[in-house]
Amino acid sequence: MFEDYDRRRHSVTKLCVHLVFTTKYRRKVMTPPILEEMKATLRETAEKIGCKVQEINGQADHIHLLLMFPADMSVSSMVNALKTVSSRMIRKNHPDILQGGRTGLFWSRAYFAATTGGVTIDILKRYVESQGTRGRHSSPSSEGEGS
């Protein structure tokens, strides 16, 4: 049950985030080969900063990442590292990728982030509400399984 949890000395966590980055001015500049290069760079960067990639994919103007991350890392620091390294790489390897771009930046400053989990919010709400009335050994993951 706990095989994919991050076990540390004083904590056990399972933190997962869905991130979306868009290109500057939402320009459709990521061709399939550039997208593959970007995915490889993001995967390598994520692993270097202590994240575990679950999935990466995208289209010409944006990319989605699903990452497991350690409890001592903030989402904003993770986003900053991923966007900085990948932007530098793409601008170095493809200097004219954003022709006419005034800022020289590859990614838009904005990003989307949403935490994800193994159970729904409704199941967690019912689990927490029931804590005063149930036995100790029930868990939210077993809540929807034949209860």
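Residues numbered from 1 in each chain as written. Predicted model: local features only at pLDDT ≥ 70, side-chain atom pairs only at ≥ 80, totals over all residues. Heavy atoms only, no water.

So, on to the overall build of the chain. Scanning the chain from N- to C-terminus turns up 4 helices and 6 strands. Put simply, the chain runs from its N terminus to its C terminus through helices and strands in the order β-β-β-α-β-β-α-β-α-α. Across the 147 residues in the chain, those meeting the buried criterion constitute 35%. In the chain, of all internal contacts separated by at least 6 residues, the share reaching a separation of at least 24 is 67%. Roughly 9500 Å² of accessible area belongs to the chain as shown, and the carbon and sulfur atoms make up 52% of that amount. (Helix = DSSP H or I, 4+ residues; strand = E, 2+ residues; numbered from the N terminus. Buried < 20%, exposed > 50% of the residue type's maximum accessible area, 1.4 Å probe, protein only. Contact = heavy atoms within 4.5 Å. Areas by Shrake-Rupley, 256 points an atom, 1.4 Å probe, with all protein chains shown as cover.)

Any region with low pLDDT has predicted coordinates that should not be read closely. Considering every residue of the chain, the mean pLDDT works out to 86; 84% of them sit at 70 or more. Summarising per-element confidence for the chain, the mean pLDDT is lowest in helix 4 (residues 140-143) (54) and highest in helix 1 (residues 32-48) (96). (pLDDT = per-residue confidence, 0-100.)

If you walk across this open sheet you meet the 4 strands as 4-5-3-6, and the pairing is antiparallel. The sheet is open, and its two edges are formed by strand 4 (52-59) and strand 6 (107-116), each paired on a single side. The sheet shows a mean angle of 15 degrees between the axes of neighbouring strands, direction not considered. Here 7 bridges tie strand 4 to strand 5 (residues 62-69), and the two strands are oriented antiparallel to one another. Looking at strand 5, one finds that K52 is bridged to M68. Of the strands in this sheet, strand 3 (15-23), strand 4, strand 5 and strand 6 are in contact with helix 1, which crosses strand 4 at around 155 degrees. Strands in contact with helix 2 (residues 75-93) are strand 3, strand 5 and strand 6; relative to strand 6, the strand with the most contacts, it is inclined by about 135 degrees. (Pairing = 2+ DSSP bridges. Axes fitted to C-alpha atoms, helices over the stretch in contact; angles between N-to-C directions.)

Another point: the packing of aromatic side chains. Taken as a whole and assessed by the stated rule, the structure comprises 2 aromatic pairs. Between F106 and W107, the aromatic rings sit 4.8 Å apart at their centres with planes inclined by 80 degrees, giving edge-to-face as the arrangement. Owing to a relative accessible area of 0%, F106 belongs among the buried residues under this scheme. Among the aromatic residues, ring-to-ring pairing joins F21, F106 and W107 into one connected group. K24 extends its terminal NZ or CZ atom over the ring of Y25, reaching a point 5.5 Å from the ring centre. (Phe/Tyr/Trp six-rings, centres within 6.5 Å; stacked < 30°, edge-to-face > 60°. Lys NZ or Arg CZ within 6 Å of the ring centre and 35° of its normal.)

Before going further, it helps to spend a moment on the side chain of S86. Here S86 lies in helix 2. Of note is the side chain of S86, whose polar atom sits 2.8 Å from the side chain of W107. Discounting chain neighbours no more than four positions away, the residues touching S86 are M38, T41, L42 and W107. (Polar contact = N/O pair within 3.5 Å; in protein donor to acceptor, adjacent residues only side chain to side chain.)

When you line up the elements, R91 lands in helix 2. Distance from R91 to F106, taken between C-alpha atoms, is 7.2 Å for residues 15 residues apart in sequence.

Two numbers describe how helix 1 lies on helix 2: the axes approach to 9 Å, and their chain directions differ by 140 degrees. In this view, helix 1 runs oblique relative to helix 2, as classed from their interaxial angle. Handedness of the crossing formed by helix 1 with helix 2: right-handed. Counting all contacts with helix 1, which are made through I34, E37, M38, T41, L42, T45 and A46, the residues of helix 2 involved are A81, L82, V85, S86, M89, I90 and N93. Tallied by class, the residues present in the contact of helix 1 with helix 2 amount to 9 nonpolar, 4 polar and 1 charged. (Parallel < 35°, antiparallel > 145°, perpendicular 65-115°, else oblique. Left-handed = near helix turned anticlockwise from the far one by under 90°. Nonpolar A, V, L, I, M, F, W, Y, C, P; charged D, E, K, R; others polar.)

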